[in-house]
Amino acid sequence: MSKALVWLRNDLRLSDNPALAAAMRHGSVVALYIHETDQALRPPGGAARWWLHHSLRSIAVQLAQIGVTLRVDTGEATEVMRRAARGFDQVHWNRRYAPAQRTIDAANKSDLAAQGIEVQSHPGNVLAEPWTIATGAGKPYSVFTPFWRSLKATDIARPLTAPTGGPIKAPEVDAEYREPVWAKKLSRHWKIGEEAAHETLHDFLDQRLSLYPQGRDFPARAVTSRLSPHLRHGEISARQIWHAAKALAHAEPERAADVEKFLSELAWREAPAELEAWKTGRTGIPLVDAGMRELWQTGFMDNRVRMLTASILAKNLLIDWRTGEAWFWDCLLNADVANNPGNWQWVAGSGMDASPYFRIFNPIAQGERFDAEGDYVRRFVPELAKLPDEWIQKPFDAPESVLSKSGVTLGETYPFPIVDLKATRARALEAMKAL
DNA sequence: TGCCGATTCCA
DNA sequence: GGAATCGGC
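In this report, we go over the structure that sits alongside the text. (Residues numbered from 1 in each chain as written. Chains lettered and ligands numbered in written order. Predicted model: local features only at pLDDT ≥ 70, side-chain atom pairs only at ≥ 80, totals over all residues. Heavy atoms only, no water.)

Spatially, five strands are ordered β3-β2-β1-β4-β5 in an open sheet, and the strand pairing comes out parallel. One side of each edge strand has no neighbouring strand; the edge strands of this open sheet are β3 (69-75) and β5 (118-122). Strand-to-strand twist in this sheet, taken as the mean axis angle between neighbours without regard to direction, amounts to 25 degrees. Two strands pair when backbone bridges link them, and strand β1 (residues 3-8) and strand β4 (residues 90-94) are joined in this way by three bridges, in the parallel orientation. In the sheet register, Leu 5 faces β4, and the bridge partner there is Val 91. Each of β1, β2 (28-36) and β3 is contacted by helix α2 (residues 46-65), which is oriented at about 175 degrees to β2, the strand it contacts most. Along the sheet, helix α4 (residues 99-114) contacts β1, β2, β4 and β5; its crossing angle with β4, the most-contacted strand, is approximately 170 degrees. (Pairing = 2+ DSSP bridges. Helix = DSSP H or I, 4+ residues; strand = E, 2+ residues; numbered from the N terminus. Axes fitted to C-alpha atoms, helices over the stretch in contact; angles between N-to-C directions. Contact = heavy atoms within 4.5 Å.)

Quick look at the structure:
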């Protein structure tokens, strides 16, 4: 009998779970969840860890009802997978899209292939996979509105139904987890698991959606969907939400505008791939990446680099400065309510005593002025270390011969820039003039 | 604690 | 053809 292993990650549901469905078609199935300890991944915070624990317990019971055992393990993904996949002839998972996650998944894929195990990856928890929505020039959209127009015109895949099978006894999972005392407060506000996720969706569509477009920005009204923790852990898929809301708009056309507003907010989940590149120091602009990696590795960032990385996010990428502020807040050892938000507002030009709106940093020019020998870039972006000073701040302009001599392959060892500095500068000035 | 393109000046 | 300067964004 053929055996398939399903690696569950952020997809803790039975319905519309392409990896699980494919594995079930193949033969007998075991599911695996790994608490990944890879350095490149951020471990979940306390609250998310609490949710995850209960979500795992919930899905373990559901899986047992269709004859699937859930195993839970801890360690580096490739280490755990190498052991766990022994004896299986297929491994399935649903794709994830953050750079660090993709690196890990690619490593696993080749590792398993070397063991003679077939790996099949399936669409992750998105409406449309990133490479299916592109501009006329074949590049990812960098502005939400055209992205949304394009997404709306796309056929979003229909959700799959949950697989069936004969029940077995549910295993005890995540046994080492100890419920923190503060979790009692949380548990009064949330129900966790796939069933609860669908209840939340339908409560929202029935009761709060009509108030959503007007009320969503007013926290006291509490009319938002509250689906985000369910989505985060994959207890419900974006496709399921999409089609449930579309079905409502079809049945009650007078509510179509409300549905559209809600779905456009759902689509925001999928727009900012750039935010992830910024956070993880993979923008393709050396000084920005050095700063973001310093922040992540050390909990500190040089002040000039703070201004510059903030300027890139708020002005070139036109991402809400509060998103960047939240990331700094998480990562900085010296973040303080008195300065962190204030500094961000200064850069974004939205606070009192703001920097003038037209002050947009150019990280290449800044690098050439303040890191002329490239020492700082070399320290935190070692894959560029062998580039000569002349090109260390702008590898994308370096001649091919210089790149190859320095062991740099753009798009492979180091990313192409995710922003066109000139074009995004012009766009920012345009956008701010409009204000 | 800005960037950029145009202009001017000098070699 | 490069450095210095300046105004507009």
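Our next topic: the packing of aromatic side chains. Across all of its chains, the model carries 14 aromatic pairs by this definition. Ring centres 5.5 Å apart and planes at 70 degrees place the aromatic pair Trp 51 and Trp 190 in the edge-to-face group. Note that Trp 51 is positioned in helix α2 and Trp 190 in the loop between α6 (183-187) and α7 (194-208), a separation of 139 residues in sequence. The buried category is assigned to Trp 51, whose relative accessible area is 4%. Taking the relative accessible area as the measure of exposure, Trp 190 reaches 25% and is therefore partly exposed. Aromatic side chains Phe 328 and Trp 344 sit 5.0 Å apart centroid to centroid with 90 degrees between the ring planes, which places their arrangement in the edge-to-face category. Of this pair, Phe 328 sits in helix α15 (residues 321-331) while Trp 344 sits in helix α16 (residues 340-348), and the two are 16 residues apart along the sequence. (Phe/Tyr/Trp six-rings, centres within 6.5 Å; stacked < 30°, edge-to-face > 60°. Buried < 20%, exposed > 50% of the residue type's maximum accessible area, 1.4 Å probe, protein only.)

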